[in-house]
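# Geometric and topological summary
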Amino acid sequence: MTIFYDRTTVVEQIEKQVIDAIGKANRILLALPQNPNGDALGAGLALFAFFKKLEKNPEIVCAASNLSPFGFLSGIEELKKDLQVFQSFVISLKTTAAHLDELSYEVEPERVDIFLKPKDGKFTPQDVSFRNAKFPYDLIVTLDTPSLEHLGQIYEKNTDLFFETAIINIDHHPNNEHYGEINLVDLTATATSEILVSLLENFEAGLIDEAIATNLLTGIIVETNSFQHVKTTPRAFLKASNLIAQGGKHQEIIRELYKTKNISLLKLWGRALARVREVEELGLTYSLVTATDLEKAGASPDDIYGVMKELVANLAGRKIILFLAEVNGQEIVGYFHLHPSIKAQVVTAALAGQMLNGSLGTFRVQGQSLLEVEKDVLEKLQKLRAQIVV
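Every value quoted in this text rests on a predicted model; they were computed, and no experiment measured them. (Residues numbered from 1 in each chain as written. Predicted model: local features only at pLDDT ≥ 70, side-chain atom pairs only at ≥ 80, totals over all residues. Heavy atoms only, no water.)

As for its position among the elements, histidine 173 is in the loop between β8 (167–171) and β9 (182–185). Only 2.9 Å separates the side chain of histidine 173 from the side chain of aspartate 171, close enough to count as a polar contact. (Helix = DSSP H or I, 4+ residues; strand = E, 2+ residues; numbered from the N terminus. Polar contact = N/O pair within 3.5 Å; in protein donor to acceptor, adjacent residues only side chain to side chain.)

Taken as a whole and assessed by the stated rule, the structure comprises 19 salt bridges. Aspartate 113 serves as the salt-bridge partner of arginine 111, at 2.9 Å between the closest nitrogen and oxygen. Connected through salt bridges with shared partners, the residues Arg27, Glu59 and Lys80 form a single ionic network. (Salt bridge = Lys/Arg side-chain N within 4 Å of Asp/Glu carboxyl O.)

Time to look at the sheet that holds strand β10 (residues 277–279). What holds strands together in a sheet is hydrogen bonding between their backbones, with the strands either parallel or antiparallel. Strand order in the open sheet made by the six strands is β10-β11-β12-β13-β15-β14, with mixed pairing throughout. A strand with exactly one partner marks an edge of an open sheet, and here the two such strands are β10 and β14 (354–355). Sheet topology note: the strand β11 (residues 284–289)/strand β12 (residues 320–328) ladder contains six bridges and is parallel. Across the sheet, tyrosine 286 pairs through a bridge with leucine 322, a residue of β12. Seen against the sheet, helix α11 (residues 301–314) touches β12, β13 (331–338) and β15 (360–366) and runs at an angle of roughly 165° to β12. Packing of helix α13 (residues 370–383) onto the sheet brings it into contact with β10, β11, β12, β13 and β15, and relative to β11 it is tilted by some 165°. (Pairing = 2+ DSSP bridges. Contact = heavy atoms within 4.5 Å. Axes fitted to C-alpha atoms, helices over the stretch in contact; angles between N-to-C directions.)

So, about the sheet that holds strand β7 (residues 139–143). The parallel open sheet is built from five strands, whose spatial order is β2-β1-β7-β8-β9. Only two strands of the sheet have a single neighbouring strand rather than two, namely β2 (59–61) and β9. When the angles between neighbouring strand axes are averaged without regard to direction, this sheet yields 15°. For strand β1 (residues 28–31) and β7, the ladder comprises four bridges, and the chain directions are parallel. In the sheet register, leucine 29 faces β7, and the bridge partner there is isoleucine 140.

Moving on: the packing of helix α2 (residues 38–53) against helix α6 (residues 210–223). Between α2 and α6, the shortest axis-to-axis distance is 7 Å and the interhelical angle comes to 160°. Classified by the interaxial angle, the pair formed by α2 and α6 is roughly antiparallel. The handedness of the crossing between α2 and α6 comes out as left-handed. Of the residues in α6, those touching α2 at Gly38, Asp39, Gly42, Ala43, Leu45, Ala46, Ala49 and Phe50 are Ile212, Asn215, Leu216, Thr218, Gly219, Val222 and Glu223. The residue makeup of the contact of α2 with α6, split by class, is eight nonpolar, five polar and two charged. (Parallel < 35°, antiparallel > 145°, perpendicular 65-115°, else oblique. Left-handed = near helix turned anticlockwise from the far one by under 90°. Nonpolar A, V, L, I, M, F, W, Y, C, P; charged D, E, K, R; others polar.)

In this section: the packing of aromatic side chains. Summed over the entire model, instances satisfying the criterion amount to six aromatic pairs. Arranged with centres 5.5 Å apart and planes meeting at 80°, the rings of phenylalanine 50 and phenylalanine 203 form a pair that is edge-to-face. Pair noted here: phenylalanine 50 is in helix α2 and phenylalanine 203 is in helix α5 (residues 192–204), with a separation of 153 residues, a long-range link. We classify phenylalanine 50 as buried; its relative accessible area is 0%. Judged by centre distance (6.4 Å) and plane angle (70°), the rings of tyrosine 155 and phenylalanine 163 are edge-to-face. Overall, the relative accessible area of 60% leaves phenylalanine 163 in the exposed class. An aromatic cluster of three or more residues is present, and its members are Tyr155, Phe162 and Phe163. (Phe/Tyr/Trp six-rings, centres within 6.5 Å; stacked < 30°, edge-to-face > 60°. Buried < 20%, exposed > 50% of the residue type's maximum accessible area, 1.4 Å probe, protein only.)

With their axes 10 Å apart at the nearest point, helix α1 (residues 9–24) and α5 run at an angle of 60° to one another. It follows that α1 is oblique to α5 by the angle criterion. The interaxial crossing formed by α1 with α5 has right-handed handedness. From α1, Glu15, Val18, Ile19 and Ile22 reach across to α5, where they touch Ser198, Leu199, Asn202 and Phe203.

A few words now on the nonpolar core. If you look at the biggest cluster of nonpolar residues, it comprises 53 residues, and the most contacted ones within it are Val141 and Ile170. The element contributing the most residues to this core is α2, with eight residues. Here isoleucine 170 is in contact with Val141, Thr142, Leu143, Asp144, Leu184, Thr192, Ile195, Leu196 and Leu199, once residues within four sequence places are set aside. Core analysis: the next-biggest nonpolar cluster, separate from the first, contains 24 residues, Ile320, Leu351, Phe363 and Val365 among them. (Core = buried A, V, L, I, M, F, W, Y, C linked by side-chain atoms within 4.5 Å.)

This part is about the environment of phenylalanine 51. Position of phenylalanine 51 relative to the elements: it lies in helix α2. On a C-alpha basis, the gap between phenylalanine 51 and isoleucine 91 in space is 34 Å, while along the polypeptide they are 40 residues apart. The residues touching phenylalanine 51, leaving out its near neighbours within four places in the chain, are Ile22, Ile28, Leu30, Lys56, Pro58 and Val141.

With that settled, consider unusual backbone geometry. With phi around 50°, asparagine 57 is a residue other than glycine that occupies positive phi space. Inspection of the secondary structure puts asparagine 57 in the loop between α2 and β2. Judged by relative accessible area, asparagine 57 falls into the exposed class, the value being 52%. Although it is not a glycine, aspartate 144 sits at a positive phi angle of roughly 60°. Within the secondary structure, aspartate 144 is located in the loop between β7 and α3 (153–156).

Spelled out as structure tokens, the structure:
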């Protein structure tokens, strides 16, 4: 079922379908994208805690390698990084013609022989049938995940699970592929966490405690860059205000996300500032750092992402913000942030990258120098000029 909607009575109908599906489920899997931001994590952990209160036996999984910037979120220690689900193979025996007296088996080098001894009568081949058992989950909820491929190895290793289990897809990204049986995809929402606030309030508002409110508030703050992003709506402010009233720790979130910075990040940020460049005809501002810069700053991969976040926070309104980092002599990591007026799919395809959320994307290049990648990226963006400049 594919649903496009605004905040009308249609929303209530879709939310009711989601609530009904959750109410009928006994074991729910929450799946987050492989490269989650604070919105995906905040929404996922909030919904996980909510499901625990409903006694739905939830599990939450995300293939991300490093979640340390969001270590303050409640429940993050329960997030699994891998999921391997195996289906049992069921052999069924009809006992209408004969009753089973004894079952035994022998393991041979390349097979298993199963022996069925009847109490009376005899069994025939027509009495035996085969099937795969059901998967252990009766519902999957994906959050902030435009496509199943964004789940990374969680999906790649368990494709049958995702094809055979009902999916509720909750997201706000315009490139969402509407792959669920129920698609709660609200393009007018600033964050997936904002969608969840409405959903949980309509489900059972009394279950929203301080921890759930803080996780949801984190998602909204991250996605709106602390309410400074141009896409921030009055509704986002209202939902955030409600969450603070319900115990959301606004000041703690700000301190964890923005005011606690490593010395290595500050050093790398200074080096990036010294190399800020502009391409006015593209509305592009970018910077780049070398492997030597990273070494002298004592910087980690987390610091590279941290510098990108600082660029985005300080360059609001630019069409494109780009940051290139030479992580070693063989690989260049790139981050790009796009204004809402730019089609993310166009830029992502040109740079052979992937979107991490609705506005932030990344790509990697191997076998080229930093200057070669800089030249190549600028040339590709110039070719897209007609689609970038409005």
